[in-house]
Amino acid sequence: MKKVTLFLLMFTLFTPVVLAKNLKGAKLDFVYTDTIFKNPFIDVDKTIKFPVLCRYIHGGFDDGTRFSFYFPLKKENYTGRFFQYITPFPDSETAAQAYEGVLSPIKFSIEHGAYFVETNEGGTIDLSNPNAGRDNTIGAYRANAACAEFSRVVAKTIYGCDRPFGYCYGGSGGAYRTTGGMESTEGVWDGSVPFVLGSPHAIPNVFGVRMNALRVLRDKMADIVDALEPGGSGDPYATLNAEQRQVLQEATAMGFPIKSWYGWKTMDAHGFLVLYRSVVGADPTYFQHDFWNKPGYLGYDNPPSLAKDHVQQKAKVVRVLGQREAESLGLVEPMNDADRGSADRAWAAMGTDIKDKPVAYEIDQEVEMHTMGGDLLILSGTGEGQRLQITMTKGKYVILASVNTVESLTYLKAGDQVQVDNSNWLACETYYRHQMPTPDFYAWNQFRGYDNKPIYPQRPMLLGPLFTRSAAGCLPTGTIHGKMILCCSVWDREAFAWQGDWYRNKVKEHLGNATDDNFRLWYTDRATHGETDDPTEVVSYQSTLFQALLDVSDWVERGIEPSKTSDYFIKDAQVMLSTDGSSRGGIQPTVTALVDGKERAEVSVGQEVKVHVSVDIPKGTGHVVKAIWCLNDSKDFTLPVDLTKATSQNSGEHVEFDTIISYDKPGTYFATVMVCSERHGDVNAEQTFIPNLGKVRIVVK
């Protein structure tokens with residue numbers, strides 16, 4: 001009898017739980033208060049192996065909303081929650097399938113006992129026209145909320161469980177919609193992790209700040225970066241003239257992270273390419289008249305850099321270049337086969353006698369344009385009076401922006417007269433001076449005089465809230481329902497870091513003394529808006545997001561409070577983190593690399609130098625699990641540190657180690673160490689490795 005009982009127990013423990021039957025075509029009982037979302041359907045229910053073994057369910061509502069759900073296969077592996085990713089703009093409900101390994105949110109969710117939710121947020125929208133199409137609250141949060149609630153019905157059907165806890169997270173435009181969902185709904189999500197959040201006045205103003213500085217300072221950027229690197233002079237203004245100094249000071253006081261200029265060579269117009277025409281169309285008087293003709297505007301003042309960079313050059317089109325030829329000339333990036341096929345089909349449908357879709361033109365004049373965009377005015381031919389948006393010129397070639405309609409590309413042919421014109425683009429670069437919001441958006445207060453009045457003329461309409469409302473469906477107010485860990489990047493070039501502090505202040509206005517019971521703001525140092533373009537300068541914040549999701553779920557479900565809000569202060573709209581790594585909050589370690597107590601060392605060829613590294617981890621947030629060096633310009637971290645030889649204090653929250661290095665050739669080297677911590681000290685849990693960098697300058701003579 002005992003053997004039978006033992007066998008049954010073992011059978012129960014090691015046999016997969018039989019879950020609900022296939023739900024494809026099933027009619028589940030779902031009545032939702034938002035009546036737009038009716039007649040939910042499931043058209044796929046299958047087991048998939050990539051990016052992780054799980055049960056995949058796809059379906060939607062009859063309004064065009066679509067969803068993808070990914071469930072743990074076994075009931076015993078399900079922990080009663082879901083994580084829902086909210087994309088930067090309405091996108092495919094299968095976008096997350098493109099990520100694999102440590103970056104896969106599906107894999108992370110399944111391996112941590114959660115099911116994963118993703119939607120198309122009601123379908124794509126025209127980002128260049130915020131007023132077009134459907135009610136923007138659908139894509140902002142309503143479609144996400146409906147899918148979240150329906151996922152609970154599916155989960156209960158599969159597992160026979162109680163109400164699943166739900167947590168949403170999203171960055172950039174997705175952060176607007178994550179906060180918008182937490183403010184505009186109750187009971188849908190129990191917690192959230194928005195990241196790299198902007199303010200209602202971020203778009204389009206942050207792009208102008210960057211573009212103006214890049215244009216004016218292009219010949220001085222190398223000096224600025226070198227001054228700010230470890231062992232530099234520390235004075236980024238040392239080689240600047242008066243105009244350049246004023247531009248750098250203004251950009252810094254607007255919140256552009258001054259150390260993020262390290263990536264200036266590859267910075268571009270980013271999302272402004274899509275917004276450009278909307279900005280120009282929203283305020284035609286500014287562009288057609290006021291900027292160039294009224295006091296208080298840069299075009300009227302016409303400083304030397306503006307006069308030099310203003311292009312209005314007429315020319316004749318010599319020939320039209322398609323994608324393939326433009327690629328061969330190095331004018332555009334190669335296109336993948338899928339995009340190429342779509343572009344070719346769209347162009348063929350126009351019935352034009354031009355073989356390939358135009359992406360560039362050769363003209364009979366060389367044009368030097370130092371802005372990141374502009375217009376090509378058509379002065380003759382069938383398209384006379386029209387204009388095409390361009391991104392750059394290269395000698396006699398003019399490269400088109402991807403936002404031009406296929407129809408507009410049929411207007412221009414060889415022999416037509418055109419004008420390369422960056423007048424409107426130049427006017428966009430300082431539009432932010434004339435978009436002053438209320439004083440709580442303190443970056444703009446540099447433009448207030450002694451009487452608190454604007455020193456520049458102001459436009460009749462603030463464009464930022466218009467674009468923000470399009471993305472979020474509402475303007476962020478801080479009136480959140482549920483718990484939130486907001487993750488922002490100190491070196492963010494698109495959502496300047498001070499805007500996280502602005503949102504925290506709005507939450508404080510709403511929650512008062514209860515703020516710390518419901519809200520955290522974690523800053524990640526040496527992180528940008530998303531890209532890790534140079535691994536010796538910046539780190540990814542992806543692992544911080546994953547850990548924040550685990551921490552916010554523990555906060556909701558078990559009452560375990562997460563690490564405190566980062567210890568920081570604001571100086572001229574720059575976020576300055578506390579230098580005390582052990583007490584500065586958040587979850588990122590601080591890393592300091594020094595040679596004899598300094599950030600710079602001068603040595604001879606072959607001379608050994610000892611670099612001392614100290615690491616502090618915020619209290620209770622983990623242990624050092626990895627340290628590895630990049631010693632040269634390769635950007636590859638190839639020299640691991642033997643952490644068994646490191647010294648440790650405070651239960652492993654303070655770690656020190658030395659590394660001996662030398663160089664066999666003269667030059668200036670930046671030795672960079674990446675150090676990672678992990679909550680439980682698990683050397684295999686790469687998805688929750690929290691990184692930071694330390695650097696030292698070695699001058700070899």
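Predicted, not measured: the structure shown is a model, and the values here were computed from it. (Residues numbered from 1 in each chain as written. Predicted model: local features only at pLDDT ≥ 70, side-chain atom pairs only at ≥ 80, totals over all residues. Heavy atoms only, no water.)

Draft legend 1. Seen up close, the packing of helix α3 (residues 136-159) against helix α4 (residues 173-184). Relative to each other, α3 and α4 sit at 70 degrees, their axes nearing to 9 Å. Taken together, the axes of α3 and α4 are roughly perpendicular relative to one another. Regarding α3 and α4, the two cross each other, and that crossing is right-handed. Note on element contacts: α4 touches α3 through R177, G180, G181 and S184, opposite G139, A140 and Y141. In terms of residue class, the contact of α3 with α4 is made up of 2 nonpolar, 4 polar and 1 charged. (Axes fitted to C-alpha atoms, helices over the stretch in contact; angles between N-to-C directions. Helix = DSSP H or I, 4+ residues; strand = E, 2+ residues; numbered from the N terminus. Parallel < 35°, antiparallel > 145°, perpendicular 65-115°, else oblique. Left-handed = near helix turned anticlockwise from the far one by under 90°. Contact = heavy atoms within 4.5 Å. Nonpolar A, V, L, I, M, F, W, Y, C, P; charged D, E, K, R; others polar.)

Draft legend 2. Spotlight on the sheet that holds strand β4 (residues 81-86). Strand order in this open sheet of 9 strands is β1-β2-β3-β5-β4-β6-β7-β14-β15, and the pairing throughout is mixed. Every other strand in the sheet has two partners, leaving β1 (41-48) and β15 (519-524) as the edge strands with one partner each. Across the sheet, the mean angle from the axis of one strand to that of its neighbour is 15 degrees, orientation sign disregarded. Of the strand pairs in this sheet, strand β2 (residues 54-60) and strand β3 (residues 66-71) are connected by 6 bridges, and their pairing is antiparallel. Considered in β3, the bridge of I57 is made with F69. In the packing of α4 onto the sheet, the strands contacted are β4, β6 (165-171), β7 (191-195) and β14 (483-489), and the crossing angle to β6 comes to about 145 degrees. (Pairing = 2+ DSSP bridges.)

Draft legend 3. Structural detail: the sheet that holds strand β26 (residues 690-700). With mixed pairing, the 5 strands of this open sheet are ordered in space as β19-β26-β25-β21-β22. In the strand order of this sheet, the two ends are held by β19 (600-603) and β22 (639-640), each with one partner. Examined bridge by bridge, strand β21 (residues 623-630) and β22 share 2 bridges and lie antiparallel to one another. Opposite W629, over in β22, you have L639 as the bridge partner.

Draft legend 4. Fine view of the nonpolar core. Formed by 104 residues in total, the largest nonpolar core has its most connected members in F150, V154, W261 and F272. The biggest single contributor to this core is α3, with 12 residues. Counting residues in hydrophobic clusters, the runner-up holds 32 residues, among them V52, A114, L545 and A548. (Core = buried A, V, L, I, M, F, W, Y, C linked by side-chain atoms within 4.5 Å. Buried < 20%, exposed > 50% of the residue type's maximum accessible area, 1.4 Å probe, protein only.)

Draft legend 5. Looking closely at the packing of aromatic side chains. For the structure on display, the rule yields 44 aromatic pairs. Centre to centre, the rings of F30 and Y32 are 5.7 Å apart; their planes meet at 15 degrees, and the pair counts as stacked. There is no split in this pair, since F30 and Y32 are both buried. Between F441 and W502 the ring centres are 4.9 Å apart and the planes differ by 25 degrees, which places this aromatic pair in the stacked class. You can see F441 sitting in the loop between α14 (423-429) and α15 (464-472) and its partner W502 sitting in helix α16 (residues 498-511), a full 61 residues away along the chain. Accessibility expressed as a relative area gives 3% for W502, which makes it buried. Ring pairs connect the aromatic residues F30, Y32, F37, F61, F67, F69, F71, Y78, F82, Y115, F150 and Y159, which therefore count as one cluster. If you follow K483 out to its NZ or CZ, it ends over the ring of W555, 4.9 Å from the centre. Taking NZ or CZ as reference, K695 lies 5.0 Å from the ring centre of F670, over its face. (Phe/Tyr/Trp six-rings, centres within 6.5 Å; stacked < 30°, edge-to-face > 60°. Lys NZ or Arg CZ within 6 Å of the ring centre and 35° of its normal.)

Draft legend 6. Broad picture of the pattern of salt bridges. Taken as a whole and judged by the stated rule, the model has 33 salt bridges. Here R218 makes a salt bridge to D309, at a shortest N to O gap of 3.0 Å. One end of the pair, R218, is in the loop between α5 (205-216) and α6 (221-228); the other, D309, is in helix α11 (residues 304-309), and 91 residues separate them in sequence. For the residue pair R218 and D309, the accessibility class agrees, reading buried in each case. Between R679 and D551 there is a salt bridge, and its shortest N-O distance comes to 3.0 Å. (Salt bridge = Lys/Arg side-chain N within 4 Å of Asp/Glu carboxyl O.)

Draft legend 7. Structural view of unusual backbone geometry. The omega torsion of the bond from F50 to P51 falls at 5 degrees, within 30 degrees of zero and hence cis. Relative to the assigned elements, P51 resides in the loop between β1 and β2. Within the chain, E121 stands out as a residue other than glycine whose phi angle is a positive 55 degrees. Among the structural elements, E121 can be located in the loop between β5 (114-119) and α3. E121 gets classed as buried once you look at its relative accessible area, which sits at 1%. Even without being glycine, R526 reaches a positive phi, approximately 55 degrees. In this structure, R526 sits in the loop between β15 and α17 (542-558). You can call R526 buried: its relative accessible area is 12%.

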